[in-house]
Every structure is written in C-alpha cells, then in structure tokens.
Protein chains: 4
Amino acid sequence: MSLSVGILGATGYTGAELIRLLHRHPRARITYCSSRQYNGKSISQVLGFLRGSADFVLEEFDAQAIVNRCDVIFSCLPHGAGMGFISEIIDSVKVIDLSADFRIKDEQTYASWYTEHACAELLAAAVYGLSEVYRSEIAGASLVANPGCYPTSILLPLVPLLREGLADHSGIIADSKSGVSGAGRGLSLSTHICESGESFSAYKVGRSHRHIPEIEQELTIAAAAPVTIEFTPHLLPISRGMLSTIYFHTTHDEKILRDCLSTFYQDCPFVHVLQEGFPSTKDVRATNRCIIGLARNQATSRAVIVSVIDNLTKGASGQAVQNMNLMFGLPETDGLDSIPVFP
Amino acid sequence: MSLSVGILGATGYTGAELIRLLHRHPRARITYCSSRQYNGKSISQVLGFLRGSADFVLEEFDAQAIVNRCDVIFSCLPHGAGMGFISEIIDSVKVIDLSADFRIKDEQTYASWYTEHACAELLAAAVYGLSEVYRSEIAGASLVANPGCYPTSILLPLVPLLREGLADHSGIIADSKSGVSGAGRGLSLSTHICESGESFSAYKVGRSHRHIPEIEQELTIAAAAPVTIEFTPHLLPISRGMLSTIYFHTTHDEKILRDCLSTFYQDCPFVHVLQEGFPSTKDVRATNRCIIGLARNQATSRAVIVSVIDNLTKGASGQAVQNMNLMFGLPETDGLDSIPVFP
Amino acid sequence: MSLSVGILGATGYTGAELIRLLHRHPRARITYCSSRQYNGKSISQVLGFLRGSADFVLEEFDAQAIVNRCDVIFSCLPHGAGMGFISEIIDSVKVIDLSADFRIKDEQTYASWYTEHACAELLAAAVYGLSEVYRSEIAGASLVANPGCYPTSILLPLVPLLREGLADHSGIIADSKSGVSGAGRGLSLSTHICESGESFSAYKVGRSHRHIPEIEQELTIAAAAPVTIEFTPHLLPISRGMLSTIYFHTTHDEKILRDCLSTFYQDCPFVHVLQEGFPSTKDVRATNRCIIGLARNQATSRAVIVSVIDNLTKGASGQAVQNMNLMFGLPETDGLDSIPVFP
Amino acid sequence: MSLSVGILGATGYTGAELIRLLHRHPRARITYCSSRQYNGKSISQVLGFLRGSADFVLEEFDAQAIVNRCDVIFSCLPHGAGMGFISEIIDSVKVIDLSADFRIKDEQTYASWYTEHACAELLAAAVYGLSEVYRSEIAGASLVANPGCYPTSILLPLVPLLREGLADHSGIIADSKSGVSGAGRGLSLSTHICESGESFSAYKVGRSHRHIPEIEQELTIAAAAPVTIEFTPHLLPISRGMLSTIYFHTTHDEKILRDCLSTFYQDCPFVHVLQEGFPSTKDVRATNRCIIGLARNQATSRAVIVSVIDNLTKGASGQAVQNMNLMFGLPETDGLDSIPVFP
C-alpha cells in the first residue's frame with residue numbers, strides 16, 4: 001500500500017520537516033505541494049537544502065487536483081488561512097491541520113484568542129491529535145487538529161497524572177523554552193542572530209500566549225475539573241528543541257508518579273520516561289520523541305517534571321506523520337524511527 | 001586616592017572579569033595576583049586575551065606580601081579553599097570573598113550543604129554583599145561574602161516585595177537559566193560545545209543546588225518568616241547571561257508591585273525596573289546591571305517576575321567591585337559605568 | 001542478506017554516528033561494540049541520547065568473539081591504537097579503519113607525521129576509502145582506510161580536475177573550517193563553550209596539520225606530478241559541518257571546470273555539483289552528501305571552489321558505511337539516504 | 001575640553017556601537033542623533049538595551065542644528081544616502097563617514113561598484129581613515145572616510161609588508177570570515193537564526209564584493225604597483241568578530257616579516273603582533289584591537305597571516321572614534337581603552 005500525500009503551504013519549516021520525514025516513509029509519497037507565494041517554482045529553489053534530494057513543483061491550491069491525487073493532506077497554513085480550503089476537500093480526503101483552527105472545541109474561546117471561525121461546523125468531528133492520548137479517536141478521524149508544540153510538551157507528562165488524580169489540578173505552572181524555529185521562517189528582529197543569538201528572553205508573560213486555551217482544554221478534560229495554568233514561554237538561541245519545566249503540588253511520592261507515566265506510555269515508542277536524571281533537548285533533536293524526567297521535592301510537596309521534544313518534530317510535523325500512520329492503520333513508527341542527531 | 005587590589009585565584013572566569021573591570025577603574029590598581037597552579041607565569045600566558053593589555057606575574061599566596069602591597073583582596077578560590085588564607089590576612093586587609101564560605105550565617109547549614117567550616121568565628125562579622133540591600137553594612141565591613149549569581153537574580157526582585165508584605169512568602173518558585181561560564185573554566189562534558197552547545201537542559205532539579213540555603217536565608221530575613229523556595233537551575237548554550245523567572249502569589253496588582261520595586265531601587269544605578277515589557281540577557285551583557293520586568297496574572301492571582309543579570313558581572317565580579325567601592329567610600333559606579341555590548 | 005557489524009571504540013562521536021546510521025540500515029545490524037574505558041556498561045549509559053532507542057553492552061576487545069560474530073569491523077580507535085587489533089582479525093573479517101593508520105602508503109611518511117607503524121605489511125593491501133574515487137578498489141578490499149574529514153572535503157572537488165589537467169597542480173591553497181566535533185569527545189579548553197563558542201580561530205597554521213601528507217598523496221596521484229598544498233584549518237563554533245574554500249590557477253573557464261565535475265560525479269548519489277551559487281554547511285547537516293560550488297575569477301585567472309560536508313558523516317562514519325556497502329555489494333545509499341536536518 | 005558629537009543614522013549597529021564607546025569617552029558627549037525612520041522617538045525605544053543607561057531623542061536631519069550643536073558628525077547612513085547631508089555641513093563641522101562614499105578615490109571606480117557619486121568634488125580632500133597608516137593626514141582632515149571592516153583586517157597586516165617590499169604583491173589571497181552584525185540590523189533570511197545559525201557559508205565568491213576596490217586601492221599605494229586581490233568573504237554564526245586568513249609569496253623568513261610589523265606598529269596601542277601562536281576573534285571582542293599572527297611555510301615559500309578584529313569596533317565605530325581622537329588632538333585611546341569581554 002502506498003499513500004499519496006499533499007502539503008498545503010509546503011515552504012515553511014513545518015512543511016520542510018514533513019518533506020524530510022516523508023522522504024524516509026516506506027508507505028507514503030508526496031504527490032502535491034501548494035504554495036501561494038512561490039507557485040510555479042520548484043521547492044528546491046525556495047528551500048535550497050533540498051537541492052539534489054527531493055523536489056516538487058509548487059502549485060496553487062486546486063481542490064480537484066487534491067481530490068484526484070491525494071489520500072491525505074497536511075495543512076501547514078497559518079491559523080485562519082486554511083479553513084476555507086479544508087472545508088472544500090474534507091469530504092473527499094483526510095486532513096491533518098497543523099494550525100490551531102480545529103484544536104479549540106469551543107467556538108467562542110477560539111474567536112476570543114484567534115479570530116472568527118469560518119467553518120465551526122467541522123469542530124465537532126475534528127479530533128485533537130495528541131497521538132498517545134487519543135490514539136483510537138485519531139484512527140477513526142477524517143480531520144485531525146495537530147497539537148501545538150508547547151501543549152505537546154506539557155500535556156504528555158500531565159494528562160496521565162491528572163487522569164489518575166496524582167497531580168493537584170490547581171496551581172500548575174509550566175515554564176517552557178523553545179528554539180527559534182517555532183517562530184517560523186518569517187522575518188522579524190526577534191529571529192535576527194544579532195538580537196536573539198547568544199541571548200535568552202521570556203515573551204508573552206502572563207495570560208497572553210495563544211496556546212493557553214488549548215492546554216487548559218486538555219488538562220480540564222484529563223482532570224475532569226476546570227484547570228487554569230500559569231504558562232511562560234521563553235526563546236532559546238538555538239534552531240530546534242523545546243523543554244518544559246512543570247511544577248505542581250502532589251502528596252504522592254516520586255515512584256508512584258513515575259510508575260503512572262511509565263505504565264501509561266509502556267506501549268508508546270516515542271515517549272520515554274527516565275528512571276533517573278533529566279533530558280536535554282539534544283537527546284531528541286530531529287526525532288519524534290518526548291523524554292520525561294521527574295523529581296519530587298519533599299520540602300515543598302511539589303513535583304517538578306522536565307519534558308523535552310523537538311518543536312518541529314513531535315511538536316509539529318513528526319506528530320502529524322504519526323497521526324497519519326494511525327489514521328491509515330500503518331505502523332506508528334513508519335518514517336519516524338530514527339536516532340537523534342548527536343552531537 | 002588609589003586602592004591597591006589583590007586577587008586570589010586570578011586565572012578563572014571571575015578573576016578574568018575582575019581584571020577587565022578593575023582595568024577601567026579610576027581609583028584602583030591591581031598590585032597582587034595569586035595562582036597556585038600557574039605561579040611564576042605571567043597571567044597573559046594563562047588568559048591569552050590579556051596579551052598586550054593588562055599583565056601581571058602570578059605569585060604563590062604570601063600573607064606578608066599581601067599585607068604590604070594590598071588594601072583589599074578579592075578571593076576567587078573555590079569554597080573551602082580560601083578560608084585559611086582569609087583568616088591569616090583579615091586583620092590587616094579588607095576581603096571580598098566570591099566563594100560561598102561566608103554567605104551562610106548558620107555553621108550547621110553551611111556544613112550540611114558544603115563542608116566543615118574552618119573559621120566559623122569570622123561568620124558573625126561577615127556581611128552578605130547584596131549591594132543594594134546591605135549598602136550601609138557593606139560600607140562598614142572588613143569581610144564581605146559576595147552573593148552567588150542565582151541568589152542575586154532572585155533576591156533583588158523579591159526582597160523589597162517580601163519586606164513590604166506584597167508577595168506571599170509561601171509557594172515561591174524560581175526557574176533560573178544560566179550561561180555556561182557559571183560552571184567555571186574547569187573541563188567537563190557539560191561544558192563541551194558538542195554536548196551542551198545547540199542544546200538546553202535542567203540540572204540539580206529538586207532540592208539539590210547549593211544556592212538554595214543562601215536564597216532561603218535572605219528571603220526569610222526579608223519576609224521575617226521562614227521561606228522555603230522551589231528552585232530549578234538550567235544550562236543555556238551561551239557564555240554569559242542569567243535569567244530567572246519567578247512565580248509567587250499576591251493579591252496586589254501590577255502597579256503596586258512595580259511601584260514598590262521602583263521606589264526601593266530609585267537611587268540604585270544598576271537595578272532597573274521596566275515600566276512595561278521584559279528584558280533579555282543581552283540587555284545586560286558585560287554590565288553590572290539587573291533589569292526586572294513583571295506581570296500579574298489575574299486568572300491565577302500570581303505575579304511573574306523576569307530578572308536578568310550577567311552571571312559574571314552583577315552575578316560575581318561586578319558586584320564584588322561595587323562592594324569594594326562601598327567599602328572604601330568610592331562612587332558606586334567606579335569601574336562599572338558601561339553600556340551593554342550589543343549586539 | 002544481513003551483515004553483522006562490529007565497532008571498536010564505539011563511544012566517541014564517530015562511533016555514535018555509526019550507530020545512528022546503522023540503526024537505519026536495512027541490511028546491517030550491530031552485533032559487537034568494544035570500549036576499553038567503559039567495558040561492561042551499556043552504551044546508553046555513556047551516550048545518554050541512545051536511551052530508549054539503540055543499546056548494546058560494551059565489551060573488551062576479543063578477536064575470537066569478533067570472528068564469530070562479525071562480518072565487518074569499523075575501528076574508531078585513535079591512530080596507533082587499533083593496529084594490533086586489526087592485524088589479529090584482518091584474515092577473518094573485513095575492516096574499515098577510521099583512523100589515519102592505513103591512509104598513508106609510505107611508511108616513512110607515516111612515521112614522520114604520526115608514529116612508528118606496527119603492521120606496515122598491511123599497507124600494500126589497504127585501500128584508501130574515498131568512495132567515489134576508488135569505488136572498484138574498495139569493492140574488492142578487505143582493509144579500507146577511511147579518509148580524514150579535511151581530505152574528503154578537499155579531494156572530492158580537486159581529484160577530477162587534476163586528473164583532467166584542468167587545475168594547475170602548483171599553488172593550490174585549501175582554507176578549511178571545521179565544526180568542533182572533529183576534535184572528538186575528549187576534554188580540552190578548545191572545546192569549552194566559553195573558550196571557542198561565539199568565537200572563531202585558525203590552528204596548526206603552516207605545514208603542521210597531520211592531514212597534509214594524506215591530501216598531498218592523493219593530489220599527487222591525481223595530478224601524476226608532485227603536489228605540495230597550502231592548508232589552513234580553522235575551528236567553527238558549531239558541532240557539525242565542514243567547509244573548504246579552495247584556490248587554484250587555471251586557464252579554463254567556469255563551464256569547463258563545472259562540466260568536468262558534473263560528469264565525474266553524475267552517477268554518484270552523494271556528491272552534488274551546483275550549477276550556480278554556493279552551499280552552506282547546513283545544506284548537508286547529518287547527511288553523507290558533499291556539495292560543491294565554483295567560480296572562476298578572470299582578474300586573477302584563479303578558480304575558487306567551496307565544498308561542504310558534515311565532518312562526522314561524509315567526513316567519517318557516513319563514508320565508512322558507504323564503503324561497507326561497496327565492499328559487500330549493497331546499494332550504495334543503504335542507511336544513508338536522508339535529507340538534511342533543516343533548520 | 002569637551003567635544004560635541006552628532007550621529008546620523010544612530011539606530012543601526014554601528015550607531016549603537018558609537019553610543020556605547022562615546023558613553024565612556026572622557027572628552028566627548030553626544031549632542032545630536034538623527035534617524036529618518038524613528039525621528040521623534042527616544043533611542044531607547046528603538047534600541048532596548050539602552051534603557052536606563054544612555055538616551056536621546058532622535059531628530060530629523062537639520063543642517064543648522066548640527067552646525068549649532070556639533071563639533072563633529074559620524075555618518076552611519078548607507079552608501080549614497082549621506083552624501084547630500086555631508087556636503088551641506090562639511091564647511092562647518094568635521095565629518096567621519098562610515099559608509100563607502102569617500103573611500104574610493106577614483107570616481108569611475110566608485111560608480112562601477114556602487115552608484116553615481118553626488119559630490120565627487122569632496123573626494124580629493126577626504127582622507128582614508130586607516131588610523132595607524134594615515135595618522136598625520138587624519139589629524140589634518142575635515143572629512144574622513146572610515147574604512148570597511150574587511151579592508152581593515154586585510155590592510156593592517158599587508159600595508160607595512162608591501163611598503164617594505166617583503167611581500168610579493170601578485171597572488172595575494174584573503175579568505176575572510178565575518179560575524180553577522182556586519183550585515184546590519186536589516187532583516188533577511190541570511191540573518192535568521194534558523195538559516196545561518198549553527199551553519200557557515202561563503203558569499204560573493206569571485207570578484208563581486210564591494211570591498212575589493214577599496215582593498216586594491218590601498219594595497220596598490222602600499223606596493224607602489226598595481227595589486228589585484230583574490231577575496232572570499234564568509235558568514236560566521238556569531239554576532240561579532242572578523243578573522244582574515246591572508247596568503248602571499250615571500251622569500252623572507254618569519255622573523256623578518258614579524259619584525260617589520262612589530263616595528264611599524266610599535267607605538268600603536270591597538271595593533272598587536274604576536275611573537276608566536278594565532279589569535280581568535282574572542283581575543284578582541286568589543287575592543288578596538290587588531291591582533292596579528294603569522295607563519296611562513298618553507299614548503300610553499302608562502303607566508304600565512306591571521307588577523308582578527310571586532311567588525312563593529314576596529315572594523316567600524318571604534319576606528320571612527322580613534323579617528324575623531326586623532327582629528328582633535330586627543331589621546332588616541334580615549335574611550336577605547338578596554339579589555340576584551342571574555343568569555
């Protein structure tokens with residue numbers, strides 16, 4: 001069996017990462033790539049590192065072409081921009097949307113953080129694509145809302161603990177740090193080597209980052225009680241990598257917490273719970289893995305969890321491919337079975 | 001007036017930073033540098049970047065030479081290593097110790113986190129050198145215990161708020177990130193470019209970093225109540241710079257918190273409280289400044305403070321020079337009045 | 001068919017890169033890993049990023065075990081250290097040596113740059129493993145001397161031009177820049193983030209780098225005339241990547257030079273000659289590729305070539321796997337068919 | 001005595017560096033800063049790192065205000081943009097132009113590499129501001145053309161050797177590497193952390209970089225014979241720092257070459273000739289220094305010189321301040337006497 005795959009908005013970093021991963025996928029091949037800005041050009045003219053390996057001509061969006069040539073579409077368009085296209089094709093092809101458009105179940109909440117929703121009627125059917133947590137729902141879905149990078153790094157360690165009532169759902173803090181690729185390929189002073197290189201900063205401090213409603217929606221479901229989170233994103237002077245340091249109150253000891261996570265993820269090839277020590281972002285670089293380390297501080301009766309992912313892989317395109325595998329009944333690790341690039 | 005200054009253990013990063021800063025000091029000159037490892041060599045053979053600018057012959061420790069040639073001594077020796085030397089000379093010259101040896105007032109606490117104290121009799125007279133907080137005590141001191149880098153970045157924003165009762169003293173969390181120079185010039189895999197470059201990690205998670213008792217001692221004094229802190233240090237892939245993200249509960253609004261800090265630091269040339277926005281480590285690079293940004297999150301009734309310093313300057317050698325200025329009645333900014341190196 | 005592969009000295013960076021590449025190889029599996037320093041430990045205790053993906057117990061060198069369990073051995077030992085082991089097993093298994101021990105054909109030359117040779121009798125049979133240049137010899141070899149990283153980046157563009165007489169063989173200059181991983185995992189001030197991070201320097205300037213005799217041996221063969229090269233290595237503040245800027249005199253125009261290289265490498269999946277523009281090291285990161293850009297400067301009647309490789313992949317372990325594929329008649333791209341990790 | 005100093009185009013990196021250096025200058029104060037883009041704003045709104053240290057209101061260009069308020073003007077405008085302004089004020093105030101507009105003596109050459117010259121009548125009086133080489137001419141000048149960064153790093157080592165006939169003036173090659181700040185604060189993919197961070201590349205290979213005519217003009221004067229140079233610029237993944245590796249033929253030995261340079265620069269506080277070894281860019285970071293190391297390669301009868309500067313300091317704003325000091329008879333080191341920021 002071979003899947004025919006299309007990518008909308010293929011020239012950004014998540015599109016480039018999809019191309020890298022699908023190139024190694026044994027059962028999928030790219031048959032369609034769209035780009036409004038560069039349509040007509042070959043993708044290697046836009047992404048020079050593809051010269052001599054993979055290449056495609058970039059096309060304008062064409063619903064009919066997609067229906068004819070694709071089994072599944074990855075949409076890498078910014079929030080709001082893909083809604084129209086997706087509603088045109090969703091009856092004929094499966095869609096994995098990497099934007100925020102179908103992550104937030106509540107239309108008002110989406111509108112208050114993003115913009116008016118143009119096809120809210122699709123929200124009910126959309127499945128939140130946190131692969132390890134919603135494996136069966138994803139398997140039956142035709143529209144998957146691929147999670148954000150920060151939410152993935154925070155939800156993977158917290159969801160099992162909240163479900164089991166092992167973490168106090170009030171007073172959770174996530175102090176997260178992301179590589180610059182999370183900001184995309186667009187130009188701004190904050191991605192300039194001279195401004196953010198050899199430096200470190202916090203941004204959107206307080207209740208201002210758009211990933212907050214997504215994180216709280218899923219933590220609330222897991223805890224079966226309303227969860228409000230304290231979330232502070234930071235910018236690391238590296239291209240790839242994300243680390244979240246998560247604090248919560250618990251009366252349970254380290255072993256119970258660790259066993260809960262180990263059990264929940266025992267059949268999950270990409271989530272690894274450390275028996276001791278803590279991971280670095282380099283331990284997951286360019287892989288679909290999430291590594292979790294944890295400690296409990298007796299003096300504060302708080303637990304501290306450190307989770308790392310590659311923001312472009314498990315935090316975006318890698319999880320999207322994992323979801324495609326689940327949607328089409330392929331081995332979950334197809335195209336994703338790799339060892340970190342180290343050093 | 002011209003001060004004669006000596007440095008014990010001059011060849012590490014804090015020693016190098018002292019030489020850089022004192023070179024620009026209008027009223028101080030270096031008259032003595034010791035190094036056990038390199039004694040007899042000129043310092044520029046050990047620190048190549050000094051070639052052609054400043055140079056000294058490195059000597060072995062010699063109490064008599066110090067007494068004859070120095071008004072004040074900076075000790076850059078590791079904890080435990082300088083105690084003996086300091087007790088030999090403390091009656092004749094003023095001493096600023098950059099190690100942890102005289103920071104912890106309680107001998108047992110010091111012993112439990114570090115090692116047996118060899119001259120505990122000096123602890124009572126030693127003054128904790130957080131310049132802006134203990135300005136008058138430092139002015140009269142002959143032995144100053146220069147604060148650690150993490151404590152400086154955490155105490156400067158918290159002490160005024162705790163003194164005024166504007167921050168809840170229970171449940172304080174400090175998530176701190178440091179440049180690699182904090183680990184010193186010694187060799188280890190964790191300072192290897194291939195291991196920690198292009199990467200990010202947490203270390204000593206839970207109640208294990210030696211700066212915890214120092215932070216809690218000072219927060220407890222400020223709050224006039226016992227404070228237990230949650231502290232997580234992280235390693236940034238840059239040479240210099242430290243950022244602490246600090247979380248605490250408070251019922252007071254942003255303006256009240258900001259006004260408290262602005263008032264406390266209004267006559268302090270090195271501490272800058274932002275009226276809006278948040279600083280990056282590059283904003284203080286190679287300066288003695290601390291910049292503080294703050295936000296209050298209504299949804300969590302928590303305040304989030306971001307403070308940045310250069311771990312080698314305000315976090316070590318810069319604050320040491322500031323303390324020397326205070327001890328000798330010199331203008332506080334002598335040798336320290338510089339604009340960040342940007343970009 | 002499945003090859004059983006052993007690695008001597010598996011815990012350094014070239015060993016780690018071999019493990020990463022072989023993990024994806026469809027027809028090879030690792031059956032033996034030796035480490036004197038860590039024998040008895042599992043490799044994931046030494047290389048943390050392998051936790052949860054690949055793992056092996058590290059053993060001491062054991063000729064009998066190797067003969068019983070391996071079809072081919074990669075030796076990642078430093079020069080001089082592997083000779084003895086290799087001569088013990090070379091009659092029973094094929095060997096790819098990543099050290100310099102079998103690269104230099106002339107015993108005296110080897111001795112003058114390295115050390116006395118312990119098994120010079122093997123030199124005659126050893127094949128220099130520059131894959132694209134010695135493809136057929138490698139296919140028949142039982143001992144392959146895997147080229148150095150600098151030589152690979154310099155020889156790939158120059159050999160075809162010298163063979164065709166399109167480059168003047170006198171006055172060749174190679175100004176090369178390498179990432180830090182080329183220095184290995186050992187500790188030294190020059191691999192300390194604070195010393196070499198955010199910095200750039202030249203080293204071993206003049207006729208002092210040990211790769212010079214290797215480069216000159218192969219250029220001399222290609223030119224069929226004695227070649228003396230000017231070679232200056234530099235240290236880049238990055239983990240991986242190598243770029244060589246090569247200058248030589250020629251009376252031929254850009255098109256002739258480019259056509260010569262394009263023709264020579266037309267059936268080579270890993271060497272890519274640009275029709276215009278110049279590559280960056282990121283274009284080959286973590287791949288076995290070499291990308292070559294070239295310009296001719298009319299004003300100086302000189303050509304300038306820029307070639308990039310990943311020093312750990314095409315510059316070491318990737319080319320070693322490519323040579324294994326050639327030695328055993330496997331598809332040349334097995335285990336090596338990947339797109340650069342970008343960004 | 002106190003100089004009143006104005007800056008045209010103060011919000012770029014060279015303007016920021018001028019502000020940093022002048023802030024420490026004992027005999028100069030900034031009395032005027034212009035910015036077309038940001039006029040009316042305070043400079044700390046544009047360059048956040050100035051918050052709390054230096055601040056000025058940015059004004060539009062106003063010849064009368066400049067004449068009334070300034071003794072000297074630094075123009076940091078791009079080539080072509082400042083000509084008009086400068087000709088308006090040059091009769092009343094001294095001008096140091098950091099652009100290329102007055103570096104090239106030959107109007108046609110300037111036009112062929114840049115653009116039509118708008119005030120060529122000023123070219124004759126303009127002095128090329130390579131401080132150590134044209135000290136006396138600069139002292140008498142009212143218009144100084146501040147050299148480019150690449151030319152400074154190449155000319156300082158070569159001019160004395162060519163003057164003395166110790167370097168063959170044909171066949172000179174300069175392989176130069178620059179930090180990203182040389183590209184300015186403007187936005188482009190090549191300054192994006194994800195594109196050029198953790199990477200290295202060559203650009204404008206062959207006879208295409210605009211600094212070539214400037215370099216050749218000065219080498220030709222020094223050699224008293226026409227010099228054509230081979231020049232290849234490269235982009236380093238760091239903010240600041242420039243290293244040039246220079247190759248030329250010579251029959252003279254290392255000692256003679258080194259003595260020539262040491263003698264030429266013996267009274268020059270900023271140029272340091274190493275007796276052995278080679279410098280790194282970190283050795284000059286944020287200083288006005290140039291450090292030169294050299295070796296002669298007997299086998300090639302070539303000499304290799306490595307010179308390092310900070311591209312923003314000796315390569316731009318630092319040399320501009322040095323030239324101001326010379327023009328007004330101030331001590332050459334005023335505002336520039338600092339030790340590198342290390343690490």
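Calculation rules
- Residue indices follow the written sequence of each chain, beginning from 1 at its first position.
- Think of it this way: whatever chain is written first is A, whatever ligand is written first is 1, and the rest follow in order.
- Reporting in this predicted model follows two pLDDT cut-offs: at least 70 for local features of residues, and 80 or more for side-chain atom pairs to be given and counted; totals over whole chains, interfaces and linings ignore these cut-offs and use all residues.
- Side-chain metrics rest on all non-hydrogen atoms present in the structure, leaving aside hydrogens and water.
- Only protein chains enter the accessibility calculation, which uses a 1.4 Å probe; a residue whose area is less than 20% of its type maximum is buried, one above 50% is exposed, and one in between is partly exposed.
- Comment: elements are numbered from the N terminus, with helices defined as DSSP H or I runs of at least four residues and strands as E runs of at least two.
- Any two strands are treated as partners once DSSP identifies two or more bridges connecting them.
- Note on geometry: axes are lines fitted to C-alpha atoms, helical ones only across the stretch in contact, with angles between N-to-C directions running from 0 to 180 degrees.
- For classification purposes, angles smaller than 35 degrees are called roughly parallel, those larger than 145 roughly antiparallel, those between 65 and 115 roughly perpendicular, and all remaining angles oblique.
- Rotating anticlockwise by less than a right angle from the far helix to the near helix defines a left-handed crossing, while the corresponding clockwise rotation defines a right-handed one.
- Residue contacts are defined here by distance: any two heavy atoms, one from each residue, within 4.5 Å place the two residues in contact.
- When residues are grouped by polarity, Ala, Val, Leu, Ile, Met, Phe, Trp, Tyr, Cys and Pro land in nonpolar, Asp, Glu, Lys and Arg in charged, and all others, Gly among them, in polar.
- Buried area counts how much accessible surface, traced with a 1.4 Å probe, disappears from two parts once they are put together, with both parts' losses summed.
- Salt bridges are defined as contacts in which a side-chain nitrogen from Lys or Arg sits within 4 Å of a carboxyl oxygen from Asp or Glu.
- Here a polar contact means two N or O atoms within 3.5 Å. Within protein one must be a hydrogen donor candidate and the other an acceptor candidate, and residues neighboring in sequence count only if both atoms are side-chain atoms.
- Just so you know, the count uses Lys and Arg for positive and Asp and Glu for negative, and it drops His and the chain ends.
- What counts as a domain boundary in this text is fixed by an automatic or database domain assignment.

A. Quick peek at the pairing of strand β7 (residues 173-178) of chain A. All names here are of chain A. With 6 of 6 residues buried, β7 lies mostly within the body of the structure. Burial of β7 is two-sided: the residues I173, D175 and K177 facing one way and the residues A174, S176 and S178 facing the other way are all buried. As paired strands, β7 and strand β9 (residues 230-235) are joined by 6 bridges and run parallel to one another. By the bridge assignment for β9, I173 is matched with E230. Two elements, β7 and strand β10 (residues 242-249), share 6 bridges in a ladder whose sense is antiparallel. Within β10, the position partnered with S178 by the bridge is M242.

B. How the structure looks around the packing of helix α7 (residues 149-163) of chain B against helix α9 (residues 211-223) of chain B. Residues and elements named next belong to chain B. Axis separation between α7 and α9 bottoms out at 9 Å; the angle between their running directions is 15°. Between α7 and α9, the angle is such that the two are roughly parallel. For the pair α7 and α9, the sense of crossing is right-handed. For the pair formed by α7 and α9, the contact residues are C149, Y150, P151, I154, L155, L158, V159, L162 and R163 on the first element and H211, E214, I215, E218, L219, A222 and A223 on the second. A breakdown of the residues in the contact of α7 with α9 according to their chemical character gives 12 nonpolar, 1 polar and 3 charged.

C. Spatial organisation of the interface of chain C and chain B. Taken together, the contact pairs 20 residues of chain C with 20 residues of chain B. A combined buried area of about 1800 Å² lies between chain C and chain B, and 57% of that area is made up of carbon and sulfur atoms. Between the two partners, chain C and chain B, sit 4 salt bridges. Put simply, C:R285 and B:E198 hold a salt bridge, and the shortest N to O gap is 2.5 Å. Our enumeration of links across chain C and chain B arrives at 12 residue pairs in polar contact (both at pLDDT 80 or more). Ranked by the residues each element gives to the side of chain C that touches chain B, the list is headed by helix α8 (residues 193-196) of chain C, at 4 residues. Partitioned by chemical class, the residues of the side of chain C that touches chain B number 7 nonpolar, 9 polar and 4 charged.

D. Expanded view of the pairing of β9(A). Residue and element names in this part refer to chain A. Judged by how many residues are buried, β9 sits mostly within the fold: 6 of 6 residues are covered. Burial along β9 is two-sided: the face carrying E230, T232 and H234 and the face carrying F231, P233 and L235 are both buried. Bridge count between strand β8 (residues 201-202) and β9: 2 bridges; the pairing is antiparallel. Following the sheet pairing, A202 is matched in β9 by H234.

E. Highlighting the interface of chain A and chain B. In this assembly, 43 residues from chain A lie in contact with 43 residues from chain B. Regarding the contact of chain A and chain B, the summed buried area is about 3500 Å², with carbon and sulfur atoms giving 60% of it. Our count for the chain A to chain B interface comes out at 6 salt bridges. Residue B:E230 pairs with A:R302 through a salt bridge whose shortest N-O separation is 2.8 Å. At the surface where chain A touches chain B, the tally comes to 31 residue pairs in polar contact (both at pLDDT 80 or more). Elements represented by at least two residues in the side of chain A that touches chain B include exactly β7, α8 (193-196), β8, β9, β10, β12 (290-297) and β13 (302-309) of chain A. The element contributing the most residues to the side of chain A that touches chain B is β7(A), with 4 residues. The residue makeup of the side of chain A that touches chain B, split by class, is 21 nonpolar, 13 polar and 9 charged.

F. How the structure looks around the side chain of D:K282. Assignment of secondary structure puts D:K282 in the loop between β11 (271-273) and β12 (290-297). Of the buried charged residues, D:K282 lacks a salt bridge, with C:E198 as the closest side chain of opposite charge at 4.7 Å. Side chain to side chain, D:K282 and B:S239 meet in a polar contact 3.3 Å long. Not counting the four nearest positions on each side in its chain, D:K282 is found in contact with B:S239, C:I193, C:C194, C:E195, C:G197, C:E198, C:S199, D:P340, D:V341, D:F342 and D:P343.

G. Highlighting the domain arrangement of chain A. All names here are of chain A. Assigned domains of chain A: these are domain 1 (3-125) and domain 2 (149-311). Using C-alpha coordinates to define each centre, domain 1 is positioned 26 Å away from domain 2. Facing 14 residues of domain 1, the contacting portion of domain 2 comprises 14 residues. At the boundary of domain 1 with domain 2, total buried surface from both sides reaches about 1300 Å², with 52% on carbon and sulfur atoms. It is Y13, R103 and W113 in domain 1 that bury the most area against domain 2; as a group they hold 51% of the surface buried on that side. Applying the counting criterion to the domain 1 and domain 2 interface returns 2 salt bridges. Linking E214 and R103 is a salt bridge whose minimum nitrogen-to-oxygen distance equals 3.1 Å. Counting the contacts that link domain 1 with domain 2 gives 8 residue pairs in polar contact (both at pLDDT 80 or more). Looking at the side of domain 1 that touches domain 2, the elements with two or more residues in it are α1 (13-23) and α5 (107-113). Of all the elements, α1 adds the most residues to the side of domain 1 that touches domain 2, at 3 residues. Residues belonging to the side of domain 1 that touches domain 2 are distributed by class as follows: 6 nonpolar, 3 polar and 5 charged.

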